Amino acid sequence: MEIRSRCDVVLLLVFVKLAEVGFSLDSKEFQKNLPAKVVWGVAGLDALLPCDVTPALPGDNVTMIFWFKDTIGMPLYSLDARGGPLSQASHLAMGDDLGRRSYFIADEEPSKARLRIQNATESDQGVFRCRVDFVNSPTRNFQVNLTLVEQPSRPRIFDAEGREVKLNATAGPFLEGHELFLSCQVNGGHPKPNLVWWFNNTILDNVVDSNRGSQTTVNQLLISSVSRNLKGGRLECRASSSQVAGSIVRVVPLNIFLKPNKVKIVTPNNLSSGISQTIRCETSGSYPPAKLTWLLDGKAIRNSVVTEEETNSFTVSILTLMVSAEDDGKILVCRADNPRFPGGSAQDTRRISVAYPPRVSVALDSGLVTPVRDGTDVILHCKTFANPEAHSYNWYHDTHLVPYNESGGIVPKKDMLTIKNIKHKSAGQYICSARNSEGETYSPPFDLTVQYEPRCKKNHEHVRIGVIPYETIVVQCVIDSVPTVNRFFWTYNTTQGVFPVKGAKIESKGNVSVLYLNAYDEAIGSLQCWAENEVGKQATPCYFYVVPAEPPESPRGCLIRNTTNGGLEVSCIAGKDGGLHQSFVLEVSDLTGPAPPGIHSTLNDQGAPESPAFRVLGERPVFKLLNLRPNRQYQALVYAENARGRSEPPILLPQIQVQQERTSEEVLEDGAQVYKIANIPNGKVPSGSSTSHHLTIIIAGVSATAILLILAIVIAATVIACRKAPSTVPVRRRERRSSKPPSDLELSEAGFGEGFHRRSALYRASMYGECEERISRLIEGPDLILAPASFSPQNSDY
């Protein structure tokens, strides 16, 4: 078989040679004019050379196929189909390397028949010719120019500034919404390579931006607005000179900075004033993570606690904020800023509602100004700023709740107080309070001044003036008025009638007028003082009754209290002052014997031992001593004094023994021994203490009986005095002055000079008054000045 095959080959070659000689189709001139189709191959890969074997006449068949290379007349590959169909033709290849790597593929479609050259090499490049002989159709020739592809260099990437993006490095950073520019470049390549930008298997740009004749091929990628979906993505630049050669791919990771796309304050915007509350703000979408900033009313919030939680793209800020009423309605802003993204910010705003207690003030109704005239209808408004609205109101006048009194013309109604036909007694400080769910608030005091004509100040309507012959009378007229008095008038009464005061010295200042009048005219029975201001003239004058001055009456109804723990309290009812200012004296003598250690001897100028141990002076007949020694006998004497002398007879009080509790041990206190009774087991009392104990019980019983008796007398005398007190006699009230009780042996005459008894007429009011005034004197503390025992009338101003 082998010898036969060889013979067939030889015969075929001879036949071909004879055919070439006999036919002009295989001449070189013919081949030069035959068009050649360029076929690109890749070194190392199979090259496919097409050859259309479709007959020109229907039903015709292929008999022979010959493949020639370049100008070589000997075919490198042939098929013999004379004995049957093309699919069963015998294949014959030259014995060189190219022939052994060649094989003709007869496809079911004759137009797609092709010669495959395995593992194409550079030496395989050249012009191949395919000759097809048919039974009846003319012979057909095809020329194919096999050329191997030259791939370009590996792509290089450059940014907008011309800096190269190195391998395995990221490009950027690029900003969301801004421009992205990258340039992909390759060198060489045959045919001219294509450069294509891809992203997620999608072509972004396939337009080459360089000249065809240039050795460098460039494709510039420009994205006008970077979108968020590029974050974390990878661009690809694919370079290829031929599709069969595949692509050289350069992967470029992208670094994209994103601005926050979501900011939200998730806490309700209802806040309470004065309470620390937390407000939460969340942001996401930013890369790198955003920083959160809080602003209130356009200003950064400082001095507040801020807590942050941060992930790669999510940030939470928790603000601890204390708001006030002034913050109500302000805009709270949570702003997210990307620190690496200039201008990359977003924010959420809230108009906060601050709940706060009412802010209250009092104002007059429009059209009214203070001071108001007596008899005017006044409306006060309680102006309130509150969130939520106030729902409850109260009105106060001089700290007292204003009741609803329609018949009296006082109508408090919610935030409005109506006072009809106002009188001067309605003047003073007004306060309103308002309440809401956050609490109750009181307004600052509103001073309502009522203008009224002059009138005598309380307790100055009727005053007795004691006259000492040939001494100047000092009469003080005290007026109550708004506005201030601008003019005073003085008159006097005699048996002849009422006359204006002339030739006397009058000093007026403000609402006080002082008259200095010589008392040689015994015909003057009384004086009257009149005043006038802008509102009008005084209707009823102030009366001053001129009476001869006399020594004061003795105090009466004296009561001793609190005779324990070294204390003594004596309170009496003052008698008549004799028309002059009076003061009161309490003298206390120690009847026990020599004074204990720490007490100085109290001798008078003659050395008499009966001089008082203590002498207490007061403006009222109420006295307190705090330094008496326990278990000693004292005698107390009370009398009144004025410029005409002292009251007779003085009031002699029962003997006093200061009681002191005893204990089983002695405690030294202020230099004296203090005894207290302690609990004794089985109720037994040690010997030596039984007598003192019984004596203490007897003294306590006697003292209690005496106190009850004195109290009954005082009450009876008070009731009788109240019934007999004339209504025209004024009641003189004094404000209580606080005084520091002196410590032991700290007795002084300080503060008593020549003018002590010669006070102005303001202090010459009668000490007789209403019943409640007398009772109050029994329970109120005195104004005390303690004098040493050596103080005596001989060296005093009295």
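Please refer to the structure placed before this passage.
Every value quoted in this text rests on a predicted model; they were computed, and no experiment measured them.

Quick notes on empty space enclosed by the protein
Right, so step 1: Tallied over the full model, the rule gives one cavity of 30 Å³ or more.
Right, so step 2: Each pocket or cavity is described by its volume, and for the largest cavity that value is around 40 Å³.
Right, so step 3: Lining the largest cavity are Ile265, Thr267, Pro268, Asn269, Leu271, Ile279, Leu332, Arg350 and Ile352.

A look at the sheet that holds strand β25 (residues 314–322)
Right, so step 1: Taken together, four strands build an open sheet; the order of strands is β19-β21-β25-β24 and the sheet is antiparallel. Each end of this open sheet is capped by a strand with a single partner; those strands are β19 (262–265) and β24 (305–310). Here the strands of the sheet are splayed against their neighbours by 15° on average, with no regard to which way each runs.
Right, so step 2: Looking at chain direction, β19 and strand β21 (residues 276–284) are connected through four bridges and run antiparallel. Bridging from a neighbouring strand, Val263 pairs with Thr283 of β21.

Here's the deal with a nonpolar patch on the surface
Right, so step 1: Together, Ile72, Met74 and Met94 give the surface a local cluster of nonpolar side chains, amounting to about 260 Å² of exposed area.
Right, so step 2: With respect to the helices, strands and loops of the structure, Met94 is situated in the loop between β5 (90–93) and α3 (97–100).

With respect to the side chain of Gln538
Right, so step 1: Mapped onto the fold, Gln538 is located in the loop between β45 (526–532) and β46 (542–548).
Right, so step 2: A residue is classified by how much of its surface remains accessible, and Gln538, at 3% relative accessible area, is buried.
Right, so step 3: Of the polar contacts made by the side chain of Gln538, one reaches the backbone oxygen of Thr540; its length is 2.6 Å.
Right, so step 4: In this structure, Gln538 is in contact with Pro454, Arg455, Cys456, Ile479, Cys529, Trp530 and Ala531, ignoring residues within four places of it in sequence.

Some points on the sheet that holds strand β33 (residues 410–413)
Right, so step 1: If you walk across this open sheet you meet the five strands as β20-β28-β30-β34-β33, and the pairing is mixed. Only two strands of the sheet have a single partner each, and these edge strands are β20 (270–272) and β33. Averaged over all pairs of adjacent strands, the angle between strand axes in this sheet comes to 20°, irrespective of strand direction.
Right, so step 2: As judged from the seven bridges shared by strand β28 (residues 353–364) and strand β30 (residues 378–387), these two strands associate in the antiparallel manner. Bridge pairing in β30 places Val362 opposite Cys382.

Some details on the pattern of salt bridges
Right, so step 1: Summed over the entire model, instances satisfying the criterion amount to 27 salt bridges.
Right, so step 2: Ionic pairing is found between Glu440 and Arg435, a salt bridge with its closest N-O pair at 2.6 Å.
Right, so step 3: For Arg435, a relative accessible area of 35% gives the class partly exposed.
Right, so step 4: Through salt bridges with shared partners, a single network forms among Glu587, Arg615, Glu641 and Arg646.

Some remarks on the state of the cysteines
Right, so step 1: Evaluated as defined, the whole model comprises seven disulfides.
Right, so step 2: Shown here is the disulfide that connects Cys184 with Cys237, its sulfur atoms set 1.8 Å apart. Its S-S torsion of about -90° marks the bond between Cys184 and Cys237 as left-handed, since a negative value means left-handed. Of this pair, Cys184 sits in strand β13 (residues 180–187) while Cys237 sits in strand β17 (residues 234–240), and the two are 53 residues apart along the sequence.
Right, so step 3: On the basis of relative accessible area, Cys184 is assigned to the buried category, the value being 0%.
Right, so step 4: Classification of Cys237 by relative accessible area gives buried; the value is 0%.
Right, so step 5: The partner cysteine of Cys456 in its disulfide is Cys542, sulfur to sulfur 1.9 Å. One quick way to see it: the torsion about the S-S bond of Cys456 and Cys542 is about -125°, and its sign makes the bridge left-handed.

Considerations on the nonpolar core
Right, so step 1: Ranked by internal contacts, the top residues of the largest apolar core, which has 27 residues, are Leu49, Val53, Ile65, Trp67 and Phe104.
Right, so step 2: Elements with a minimum of two residues in this core: β2 (47–50), β3 (62–69), β4 (77–80), β7 (114–117), β8 (126–134) and β9 (140–148).
Right, so step 3: In terms of residues, this core owes the most to one element, β8, which gives four residues.

Here's the deal with the pairing of strand β49 (residues 583–590)
Right, so step 1: Burial analysis of β49 places seven of its eight residues in the buried class, which makes it a mostly covered element.
Right, so step 2: For β49 and strand β52 (residues 633–642), the ladder comprises eight bridges, and the chain directions are antiparallel. From the neighbouring strand, Glu587 faces β52, where its bridge partner is Leu637.
Right, so step 3: Where β49 and strand β50 (residues 614–618) come together, five bridges link them in antiparallel fashion. Paired with Phe584 across the bridge in β50 is Gly618.

Re the packing of aromatic side chains
Right, so step 1: All told, the structure shown has seven aromatic pairs when counted by the stated rule.
Right, so step 2: Note on Phe257 and Tyr287: the rings are 6.2 Å apart at their centroids and 50° apart in plane angle, and the pair reads as tilted. One end of the pair, Phe257, is in strand β18 (residues 248–257); the other, Tyr287, is in the loop between β21 and β22 (291–296), with 30 residues separating them in the sequence.
Right, so step 3: For Tyr287, a relative accessible area of 31% translates into the label partly exposed.
Right, so step 4: Consider the rings of Tyr492 and Phe499, whose centres lie 5.8 Å apart with planes at 35°: the pair is tilted.

The rules behind the values
- Residues numbered from 1 in each chain as written.
- Predicted model: local features only at pLDDT ≥ 70, side-chain atom pairs only at ≥ 80, totals over all residues.
- Heavy atoms only, no water.
- 1 Å grid on protein atoms, 1.4 Å probe; cavity = no way out; pocket = protein on both sides within 12 Å on 5 of 7 lines; lining within 4 Å.
- Points joined across faces, edges and corners; volume = space filled by probe spheres on them.
- Pairing = 2+ DSSP bridges.
- Helix = DSSP H or I, 4+ residues; strand = E, 2+ residues; numbered from the N terminus.
- Axes fitted to C-alpha atoms, helices over the stretch in contact; angles between N-to-C directions.
- Patch = residues over 30% accessible without salt bridge, like charges linked within 9 Å, V, L, I, M, F, W, Y side chains within 5 Å.
- Areas by Shrake-Rupley, 256 points an atom, 1.4 Å probe, with all protein chains shown as cover.
- Salt bridge = Lys/Arg side-chain N within 4 Å of Asp/Glu carboxyl O.
- Buried < 20%, exposed > 50% of the residue type's maximum accessible area, 1.4 Å probe, protein only.
- Polar contact = N/O pair within 3.5 Å; in protein donor to acceptor, adjacent residues only side chain to side chain.
- Contact = heavy atoms within 4.5 Å.
- Disulfide = S-S within 2.5 Å.
- Core = buried A, V, L, I, M, F, W, Y, C linked by side-chain atoms within 4.5 Å.
- Phe/Tyr/Trp six-rings, centres within 6.5 Å; stacked < 30°, edge-to-face > 60°.

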